[in-house]
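Spelled out from the first residue to the last, the chains are:
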Amino acid sequence: MTILVFDSGIGGLSVLREARVLMPEHRFVYVADDASFPIGGWEEGALTVRLLDVFDDLVERYQPSMIIVACNTASTIILPHLRKRYTIPIVGTVPAIKPAAERTASGQVSVLATPGTVQRDYTRSLVAEFARDVNVRLVGAENLAVLAEEFMLTGSVDDAAVEAEISDCFTDRLGARTDVVVLACTHYPFLANVFRRLAPWPVDWLNPAEAIGRHAQSLLEHSGEIKDVQDVAEFTKGRPQPNMLRLMSGFGLKVV
Ligand code: DGL
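Let me sum up the structure you'll find in this document. Only a predicted model underlies this, so the values are computations on that prediction, with no experimental measurement involved. (Residues numbered from 1 in each chain as written. Predicted model: local features only at pLDDT ≥ 70, side-chain atom pairs only at ≥ 80, totals over all residues. Heavy atoms only, no water.)

**Some details on the overall build of the protein**
Right, on to step 1. In terms of regular secondary structure, the protein is built from 11 helices and 12 strands.
Right, on to step 2. Radius of gyration (C-alpha) of the protein: 18 Å, near the 18 Å computed for a compact globule of 256 residues.
Right, on to step 3. Here the C-alpha coordinates of the protein stretch approximately 55 × 40 × 40 Å along the principal axes.
Right, on to step 4. Buried residues in the protein amount to 56% of all 256 residues.
Right, on to step 5. Considering only intrachain contacts with a sequence separation of at least 6, the fraction spanning at least 24 residues in the protein is 75%.
Right, on to step 6. When the 24 basic and 32 acidic side-chain charges of the protein are each reduced to a single mean position, those positions are 1 Å apart. (Helix = DSSP H or I, 4+ residues; strand = E, 2+ residues; numbered from the N terminus. Rg over C-alpha atoms; globule rule 2.2 N^0.38 Å. Buried < 20%, exposed > 50% of the residue type's maximum accessible area, 1.4 Å probe, protein only. Contact = heavy atoms within 4.5 Å. Lys, Arg positive; Asp, Glu negative; His and termini not counted. Charge placed at Lys NZ, Arg CZ, Asp CG, Glu CD.)

Rendered as structure tokens:
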């Protein structure tokens, strides 16, 4: 069975790596819509049209048994459309507000996401439904996905630039400090160690990737067989630069 994993860029690899560990018998196709990256600032209507175009083409070519939308920004607008359009299971990646609300001791939670994700009705309804008794701060980071890609490709990133993007996550209300920060963009787990180093105090950086992998696993049948096909990656802009090819090969993905 083929599982299609989609993101605007290479952040969705944080979800792919968990899903592959849990479902080694399936073939994975990773798609980075780098022609649209970053999508965090796209207007909702234009982004919906773009994403549906991309998915229609991918579904026709790969005939996947499941789609994992490994992108919060896309998931918060596109999931109902995809579920209406295709009959296969569609697994989304949405801000982990419910687990954060369950986990916080101080009652101060921040959600670090793209500007698009923090504006979406979907995100606001998650807060209203699951975090009524918690103070949730939505932090829209303008450049963090781009910085994460830079870090993934080069191994270094400007600390001051990262610090400027995450500093709004930390609040201290009469001694009640933020103790959970939701990583609500799939790019951010790759910067988690940098975040830990730059944070003014230790917090729980909540990465939902494994939970998404487990959810996907629960929706598919498992044969237990070992696959003999190569997992692949596709970029909508065409063949990427050598440093990207190297990164993909490190993930065991052949770029097609
Ligand atoms: N990885 C995407 C997410 O989870 C966002 C990256 C972008 O801005 O394109 O929201």
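This is not the end of the story, as more comes after the structure.
**Some thoughts on the layout of surface pockets**
Right, on to step 1. Roughly 380 Å³ of internal volume is contained in the largest pocket.
Right, on to step 2. For the largest pocket, the lining is made up of 19 residues, of which Gly92, Thr93, Val94, Ile212 and His215 are closest to its centre.
Right, on to step 3. When residues of the lining of the largest pocket are traced back to their parent elements, those giving at least two are helix H3 (72-85), strand S4 (90-91), helix H4 (97-103), helix H6 (121-130) and helix H10 (209-219).
Right, on to step 4. Here the lining of the largest pocket is composed, by residue class, of 14 nonpolar, three polar and two charged. (1 Å grid on protein atoms, 1.4 Å probe; cavity = no way out; pocket = protein on both sides within 12 Å on 5 of 7 lines; lining within 4 Å. Points joined across faces, edges and corners; volume = space filled by probe spheres on them. Nonpolar A, V, L, I, M, F, W, Y, C, P; charged D, E, K, R; others polar.)

**Some details on the environment of Trp205**
Right, on to step 1. Along the polypeptide, Trp205 turns up in strand S10 (residues 204-206).
Right, on to step 2. Judged by relative accessible area, which is 7%, Trp205 ranks as buried.
Right, on to step 3. In this structure the C-alpha to C-alpha distance between Trp205 and Asn193, which are 12 residues apart in sequence, comes to 9.8 Å.
Right, on to step 4. Dropping the residues within four chain positions of it, Trp205 is found in contact with Ile166, Phe170, Val181, Leu183, Phe195, Arg196 and Ala199.

**Concerning empty space enclosed by the protein**
Right, on to step 1. One pass over the full model with this rule turns up one cavity of 30 Å³ or more.
Right, on to step 2. Approximately 40 Å³ is the volume attributed to the largest cavity.
Right, on to step 3. Looking at the largest cavity, the residues that line it are Ser14, Val15, Asn72, Thr93, Leu183, Cys185, Thr186, Pro189, Asn207, Pro208, Ala209 and Ile212.
Right, on to step 4. Elements represented by at least two residues in the lining of the largest cavity include exactly helix H1 (13-22) and H10.
Right, on to step 5. Grouping the amino acids of the lining of the largest cavity by side-chain chemistry returns seven nonpolar, five polar and no charged.

**Brief notes about the nonpolar core**
Right, on to step 1. Leu13, Ile68 and Met248 are the most contacted members of the largest nonpolar core, which has 30 residues in total.
Right, on to step 2. Elements that contribute at least two residues to this core include exactly strand S1 (2-7), H1, strand S2 (27-32), strand S3 (66-69), H10, strand S11 (232-235) and helix H11 (242-250).
Right, on to step 3. Here this core gets five residues from one element, more than from any other, and that element is H1.
Right, on to step 4. Non-local contacts of Leu13, meaning those with residues more than four positions away in its chain, are made with Tyr30, Met152, Phe190, Leu247, Met248, Phe251 and Leu253.
Right, on to step 5. Ranked by size, the runner-up nonpolar core spans 25 residues in total, among them Phe6, Leu51, Ile67 and Ile88. (Core = buried A, V, L, I, M, F, W, Y, C linked by side-chain atoms within 4.5 Å.)

**Quick notes on the environment of Leu58**
Right, on to step 1. With respect to the element layout, Leu58 can be found in helix H2 (residues 44-62).
Right, on to step 2. Residue Leu58 is classed as buried on the basis of its relative accessible area of 1%.
Right, on to step 3. In the structure, Leu58 is positioned 37 residues away from Val21 in sequence and 23 Å away in space, judged by C-alpha atoms.
Right, on to step 4. Setting aside anything within four residues of it in sequence, one finds Leu58 in contact with Leu4, Phe6, Val31, Gln63, Pro64 and Glu234.

**Observations regarding the pattern of salt bridges**
Right, on to step 1. All chains considered together, the criterion is met by 11 salt bridges.
Right, on to step 2. We note a salt bridge from Arg103 to Asp204, for which the minimum N-O separation is 3.1 Å. A residue pair is termed long-range when its members are at least 10 positions apart, and Arg103 in helix H4 and Asp204 in strand S10 qualify at 101 residues.
Right, on to step 3. On the accessibility criterion, Arg103 (47% relative accessible area) is partly exposed.
Right, on to step 4. For the salt bridge of Glu210 with Arg214, the shortest nitrogen-to-oxygen distance reads 2.9 Å. Here Glu210 and its partner Arg214 are both found in helix H10, four residues apart, which amounts to about one turn of the helix.
Right, on to step 5. In this structure Glu210 comes out as partly exposed when scored by relative accessible area, which is 38%. (Salt bridge = Lys/Arg side-chain N within 4 Å of Asp/Glu carboxyl O.)

**Quick look at the side chain of Ser14**
Right, on to step 1. With respect to the helices and strands, the residue Ser14 is situated in helix H1.
Right, on to step 2. At a separation of 2.9 Å, a polar atom in the side chain of Ser14 contacts the main-chain carbonyl oxygen of Gly11.
Right, on to step 3. Not counting chain neighbours up to four residues away, the residues in contact with Ser14 comprise Thr186, Pro189, Phe190 and Ala209. (Polar contact = N/O pair within 3.5 Å; in protein donor to acceptor, adjacent residues only side chain to side chain.)

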